Amino acid sequence: MLKAVQNQLTHLEGYLSLEERMGCGIGACFACVCEYRSKKGYVKICQDGPVLKASEVLL
Ligand code: FES
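Only a predicted model underlies this, so the values are computations on that prediction, with no experimental measurement involved. Every chain's residues receive numbers from 1 upward, in the order its sequence appears when written. Totals for whole chains, interfaces and linings use every residue, but because this is a predicted model, local features are given only for residues with pLDDT of at least 70 and side-chain atom pairs only at 80 or more, for both listing and counting. Hydrogens are left out, water is left out, and the side-chain values use all remaining heavy atoms of the structure.

> I tried to follow the pattern of salt bridges on my own but got confused; where do I start?
Where charged atoms from two side chains of opposite charge approach closely, those side chains can pair. What counts as a salt bridge is simple: a side-chain nitrogen of Lys or Arg found within 4 Å of a carboxyl oxygen of Asp or Glu. In total, this model carries one salt bridge according to the counting rule given. Residue lysine 53 pairs with glutamate 13 through a salt bridge whose shortest N-O separation is 3.8 Å. On the criterion of sequence distance, the pair formed by lysine 53 in strand β4 (residues 51–53) and glutamate 13 in the loop between α1 (2–8) and β1 (15–17) is long-range, its members being 40 residues apart. Think of it in three bands: residues with accessible area under 20% of the maximum for their type are buried, residues over 50% are exposed, and the middle band is partly exposed, with areas taken using a 1.4 Å probe on protein chains only. Under the relative-accessibility criterion, glutamate 13 is labelled exposed at 61%. Put simply, DSSP H or I for four residues or longer makes a helix, DSSP E for two residues or longer makes a strand, and each gets a number counted from the N terminus.

> Looking at this model, I keep getting lost on the environment of asparagine 7. Mind explaining?
For asparagine 7, the location among the structural elements is in helix α1. When the C-alpha positions of asparagine 7 and serine 55 are compared, they lie 9.4 Å apart, and in sequence the two are 48 residues distant.

> Quick question: what am I supposed to make of the packing of aromatic side chains here?
The description of an aromatic ring pair rests on the distance of the ring centres and on the angle between the ring planes. Only rings of Phe, Tyr and Trp enter the pairing, Trp through its six-membered ring, and a pair is recorded when the two centres are within 6.5 Å. The plane angle decides the type: under 30 degrees is stacked, over 60 is edge-to-face, the rest tilted. Under the criterion given, the structure shown has zero aromatic pairs. Whether a charge sits over a ring comes down to the Lys NZ or Arg CZ being within 6 Å of the ring centre and within 35 degrees of the ring normal. In this structure, lysine 44 packs its charged tip against the face of phenylalanine 30, placed 4.2 Å from the ring centre.

> Help me understand the environment of methionine 22, please; the structure alone is not making it clear to me.
Mapped onto the secondary structure, methionine 22 falls in the loop between β1 and β2 (33–35). Residues methionine 22 and isoleucine 45, 23 residues apart in the sequence, show an inter-C-alpha distance of 8.5 Å. We call two residues in contact when some of their heavy atoms are within 4.5 Å. Every residue in contact with methionine 22, bar those within four places of it in the chain, is listed here: Cys32, Ile45 and Cys46.

> Whenever I open this one, unusual backbone geometry confuses me. Can you help?
Trans is the common state for peptide bonds, and a negative phi is the common state for residues other than glycine. Put simply, glycine 49 and proline 50 share a cis peptide bond, and its omega is 15 degrees. Mapped onto the fold, proline 50 is located in the loop between α2 (45–48) and β4.

> In this structure, what is going on with the nonpolar core? I would like to understand it.
General note: in soluble globular proteins, nonpolar side chains tend to be found buried as a group. Note on terminology: a nonpolar core comprises buried Ala, Val, Leu, Ile, Met, Phe, Trp, Tyr and Cys residues joined through side-chain atoms within 4.5 Å. Within the largest apolar cluster, eleven residues are counted, these being Leu16, Leu18, Cys32, Cys34, Tyr36, Val43, Ile45, Cys46, Leu52, Ala54 and Val57. Filtering out sequence-adjacent residues up to four positions away, leucine 16 remains in contact with Leu2, Val5, Gln6, Pro50, Val51, Leu52, Ala54 and Leu59.

Here it is, written out as structure tokens:
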């Protein structure tokens, strides 16, 4: 579903909420990482999200 929303936002600025099960929830375990176009390639959803720019997230 998030991919479908992202596809609808190709010409608009939008955000995705990437809530998912968290391991530690404080940025220590890397269980929630998500590929991101900028910012070193990955972000932690628990620390950097859960709401991220749709154009930057790689699903
Ligand atoms: S839940 Fe552990 S780093 Fe995000």
